[in-house]
Amino acid sequence: MVTLGIILQAASTGIGLAKLGGAIGAGLAAVGAGIGIGLIGGSALEAIARQPEAIGDIRSNMILGAALVEGVSFFAIIISFLALIL
Amino acid sequence: MALFVPAMCQENGTESTKKFLPGDFVMEHIQDSYQWHITDIGSKKITIPLPIMLYSKHSGFCFFLSSQLHSGKYGSFHISEKGVYQGKLVESVVGANGATKESRPLDFSISKNVVSLFVISAIMLVVFLTIANRYKKNPDTAPHGIQNLFEPIIIFVRDEIAIPSIGVERYNKFMPLLLTVFFFIWFSNLLGIIPVFPGGANVTGNIAITMVLAVLIFIITTISTNKDYWVEIFNNPEIPWFLKYPIPLMPLVEITSVFTKPIILMIRLFANILAGHMVAIVFFSLIFIFGQMSAVAGYGFSVFTIAFTVFMTLLELLVAFIQAYVFTMLSAIYFGMAKVELRHHNK
C-alpha cells in the first residue's frame with residue numbers, strides 16, 4: 001500500500017501515467033507469454049518422454065503453438081507501445 | 001554476422017560532436033524513408049537518393065530525386081516536422097484566409113521499402129523461373145543445382161501445409177498463392193536481417209505491407225466460400241435458439257472472428273519481425289551509449305554486446321522461417337475451412 005502511494009505521488013508530479021501504464025503492460029505481456037509457452041514446452045516434454053518415436057510431430061506442433069501464443073502477447077506489446085507513443 | 005559489428009562501431013569515432021540518441025537511432029532503422037542511408041564517414045552521410053513521385057491537386061505531377069530535399073525544401077514541398085504528417089512530404093498551400101497549411105499530396109515515391117520490394121521480387125523471379133525452366137526442360141532427371149535447395153521446401157509446403165488443411169481434391173488451386181506468400185515473407189524477413197545494401201530495409205516489419213498480405217488472404221477466403229459457410233455463421237443449426245434470437249449473440253461473435261482472423265495474421269507477422277529488428281538495433285546501440293561515457297567501457301562492453309547480438313540474430317533467423325510457416329499454415333487452414341459441409345439432421 002505504501003509503495004502504491006509513492007508510485008501514485010510520483011506519477012502525479014508529471015512523470016507520465018502513460019509511460020507507467022505502457023511499461024507495466026509490457027511486463028504483464030511478458031509474464032503471459034512466459035506462462036503460455038512454458039506450459040506448451042512442459043507438455044511437449046512430457047509427451048516426448050511418453051512416446052519418443054513421435055518426437056518429430058510433437059516438435060513441429062510445439063513450435064506452431066508457441067508462435068500462436070506469442071502472437072497474442074504481441075497484441076499487448078503493440079498496445080503498450082501505442083500508450084507510450086500516443 | 002560478427003564481422004559487420006566492428007564496421008558499424010568505427011562510424012562513431014573518438015570525437016562525438018553530437019550526442020548519440022538511441023531513440024532516433026532505432027526509429028531511423030525501422031521506418032521507411034525517402035533515401036537509403038548507407039553509412040556515415042566522419043560527419044558526412046552517404047545515402048542513396050531515391051526518386052519522389054507525387055501528384056498534388058495544386059501542382060500536378062512532380063518527379064524529383066530526394067537529394068534535392070537536402071536544403072530542406074524543393075519548390076513548395078518539404079518534409080513536415082511536426083503535426084499529423086510528421087516525417088512525410090507535404091506541400092505548403094495558402095488557404096482562402098491567407099494562412100499557409102500543409103496538405104499531403106498523393107505519394108507514389110519509390111521509397112526504401114519499395115526498393116526492397118523490387119529487390120525481393122527480382123530475387124524470387126530469378127530463383128523460381130530458373131527452377132521452373134529446369135523442370136520443364138529436363139522433366140524426368142534428377143534435380144540439379146538450385147532445384148536441390150527449393151524442392152524439399154516446396155514439397156514441405158505441399159505435404160505439411162496445403163494437403164492437411166485444404167484436402168487432396170482442392171489444394172492445387174491454392175498452391176501458387178501459398179508458395180508465393182511463404183517465400184515472400186521468408187525472403188523479406190531474411191533480407192531485413194542482412195545489414196548491407198540491398199538488404200536491411202524493414203519490409204515485413206511495416207504494418208502497411210502485412211496489412212496488404214492479410215487483406216489478400218481475407219479476399220481469397222471470402223471468394224472461396226460456399227453457401228453453408230455463411231449459414232454456419234448466421235444461422236447455425238447446431239446451436240440453441242436462445243443464442244440466435246432475440247439478440248444474435250453467436251452470429252455477432254462469428255462475424256467478429258471473420259474479421260479478427262486476418263487482423264491477427266497482420267499483427268502477428270508485423271510485431272514479431274519489428275520486435276526482432278528493434279532488439280538487435282537496441283543491442284547495437286548499447287555499444288554507442290557506453291562508448292559515450294568512456295571509450296574503454298564502449299570497447300569492453302562490445303564483447304558482450306556482440307555475443308548477445310549474434311544470439312539474437314540467430315533467433316531472428318529462426319523467427320523468420322517460423323513466421324512465414326505460421327502465416328502460410330493459418331492461411332491454408334482458412335482456405336480449407338471456407339468450404340463447409342454441414343451435417344443435416346434427418347427430422
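Residues numbered from 1 in each chain as written. Chains lettered and ligands numbered in written order. Predicted model: local features only at pLDDT ≥ 70, side-chain atom pairs only at ≥ 80, totals over all residues.

Looking at this model, I keep getting lost on the overall build of chain B. Mind explaining?
Counting its regular elements, chain B contains nine helices and nine strands. Across its three principal axes, chain B shows a C-alpha extent of roughly 85 × 70 × 45 Å. Burial status across chain B gives 23% buried among its 347 residues. A fraction of 62% describes how many contacts in chain B between residues 6 or more apart in sequence connect residues 24 or more apart. (Helix = DSSP H or I, 4+ residues; strand = E, 2+ residues; numbered from the N terminus. Buried ≥ 20, exposed ≤ 12 C-beta atoms within 10 Å, placed from the backbone. Contact = placed C-beta atoms within 7 Å.)

How should I be thinking about the overall build of chain A in this particular structure?
Scanning chain A for helices and strands turns up three helices and zero strands. Starting at the N terminus and walking to the C terminus, you meet the elements of chain A as α-α-α. Against the compact-globule benchmark of 12 Å for 86 residues, chain A has a radius of gyration of 19 Å, which places it well outside the compact range. Seen through its C-alpha atoms, chain A measures out along the principal axes to roughly 60 × 30 × 10 Å. Residues classed as buried in chain A amount to 10% of the 86 residues present. Taking the intrachain contacts of chain A between residues at least 6 apart in sequence as the baseline, contacts between residues at least 24 apart amount to 77%. (Rg over C-alpha atoms; globule rule 2.2 N^0.38 Å.)

When you look at the sheet that holds strand β3 (residues 51-56) of chain B in this model, what are you seeing that I'm missing?
Adjacent strands of a sheet pair through backbone hydrogen bonds, lying either parallel or antiparallel. All names here are of chain B. The three strands are arranged β4-β3-β9 in an open sheet whose pairing can be described as antiparallel. Each of the sheet's edge strands pairs with one partner strand only, and the pair in question is β4 (60-65) and β9 (106-107). Alignment of β3 against β4, held across six bridges, turns out to be antiparallel. Considered in β4, the bridge of Tyr55 is made with Phe61. (Pairing = 2+ DSSP bridges.)

What should I look at first to understand the pairing of β3 of chain B in this one?
Two faces, one strand: in a regular strand the side chains alternate between the faces of the sheet. All names here are of chain B. Where β3 hands over to β4, the hairpin turn is made up of three residues, counted between the paired strands. With two bridges connecting them, β3 and β9 associate as antiparallel partners. Bridge pairing links Tyr55 to Leu106 in β9.

Can you walk me through the sheet that holds strand β6 (residues 77-79) of chain B in this structure?
All names here are of chain B. In space, the four strands of this open sheet follow the order β5-β6-β7-β8, with antiparallel pairing throughout. Each edge of the open sheet carries a strand with a single partner, namely β5 (73-74) and β8 (100-103). Here β6 runs beside strand β7 (residues 89-94); their pairing, made up of three bridges, is antiparallel. What sits directly across from Phe77, in β7, is Glu91.

Would you mind showing me how to read the interface of chain A and chain B here?
How big an interface is tends to be reported as the loss of accessible area on association of its parts. Counting from both sides, the interface comprises nine residues of chain A and, opposite them, nine residues of chain B. Each residue belonging to the side of chain A that touches chain B can be placed in one class, and the counts come to eight nonpolar, one polar and no charged. (Nonpolar A, V, L, I, M, F, W, Y, C, P; charged D, E, K, R; others polar.)

Explain the packing of helix α3 (residues 112-137) of chain B against helix α4 (residues 146-166) of chain B here, please?
The packing of two helices is summarised by the inter-axis angle and the distance between the axes. Residue and element names in this part refer to chain B. Packing of α3 against α4 brings their axes to within 10 Å, and their N-to-C directions diverge by 95 degrees. With respect to each other, α3 and α4 are oriented roughly perpendicular. Mapping the contact onto sequence places Val127, Thr130, Ile131 and Arg134 in α3 and Ile146, Gln147 and Phe150 in α4. Taken together, the residues of the contact of α3 with α4 break down into four nonpolar, two polar and one charged. (Axes fitted to C-alpha atoms, helices over the stretch in contact; angles between N-to-C directions. Parallel < 35°, antiparallel > 145°, perpendicular 65-115°, else oblique.)

Which parts of the structure should I look at to understand the pairing of β7 of chain B?
Residue and element names in this part refer to chain B. As judged from the four bridges shared by β7 and β8, these two strands associate in the antiparallel manner. For Ser92, the partnering residue across the bridge sits in β8 and is Glu102. A loop of five residues connects β7 with β8, the two strands running antiparallel in sequence, and Gly98 in this loop sits at a positive phi of about 90 degrees.

When you look at helix α5 (residues 171-193) of chain B in this model, what are you seeing that I'm missing?
Helical geometry: 3.6 residues make up each α-helical turn, so side chains three or four residues apart lie on a common side. Taking 1.5 Å of rise per residue, the 23 residues of α5 of chain B would be expected to cover 33 Å, and the 32 Å separating its terminal C-alpha atoms lies within 8% of that figure. Roughly 25 degrees is the biggest bend found in α5 of chain B, and it falls at Leu177 of chain B. (Expected span 1.5 Å × (residues − 1). Bend = angle between axes of the 7 residues up to and from the residue.)

So what exactly am I meant to see when it comes to the environment of Gly38 of chain A here?
Residue and element names in this part refer to chain A. Mapped onto the elements of the fold, Gly38 is located in helix α2 (residues 17-50). Among the residues examined, Gly38 registers 12 C-beta atoms within 10 Å and is labelled exposed. Put simply, Gly38 and Ala66 are 28 residues apart on the chain and 9.0 Å apart in space, counted from C-alpha to C-alpha.

Honestly, α3 of chain B in this entry has me stumped. Any pointers?
Residues and elements named next belong to chain B. When the terminal C-alpha atoms of α3 are compared, their 38 Å separation across 26 residues agrees well with the 38 Å that a helix rising 1.5 Å per residue should span. Taken residue by residue, α3 has Lys112, Asn113, Ser116 and Ile120 as its buried positions. Turning to α3, the residues buried within the fold contact β1 (35-41), α5 and α6 (207-223).

For this particular structure, what's the right way to read the confidence of the model for chain B?
Caution applies to low-pLDDT regions: their predicted coordinates should not be interpreted in detail. Mean pLDDT over chain B: 84, with 94% of residues reaching 70 or higher. This prediction of the complex comes with two scores: 0.84 for pTM and 0.72 for ipTM. (pLDDT = per-residue confidence, 0-100.)

Explain the environment of Glu151 of chain B here, please?
Its place among the elements puts Glu151 of chain B in helix α4. As for Glu151 of chain B and Ile131 of chain B, which are separated by 20 residues in sequence, their C-alpha atoms are 8.9 Å apart.

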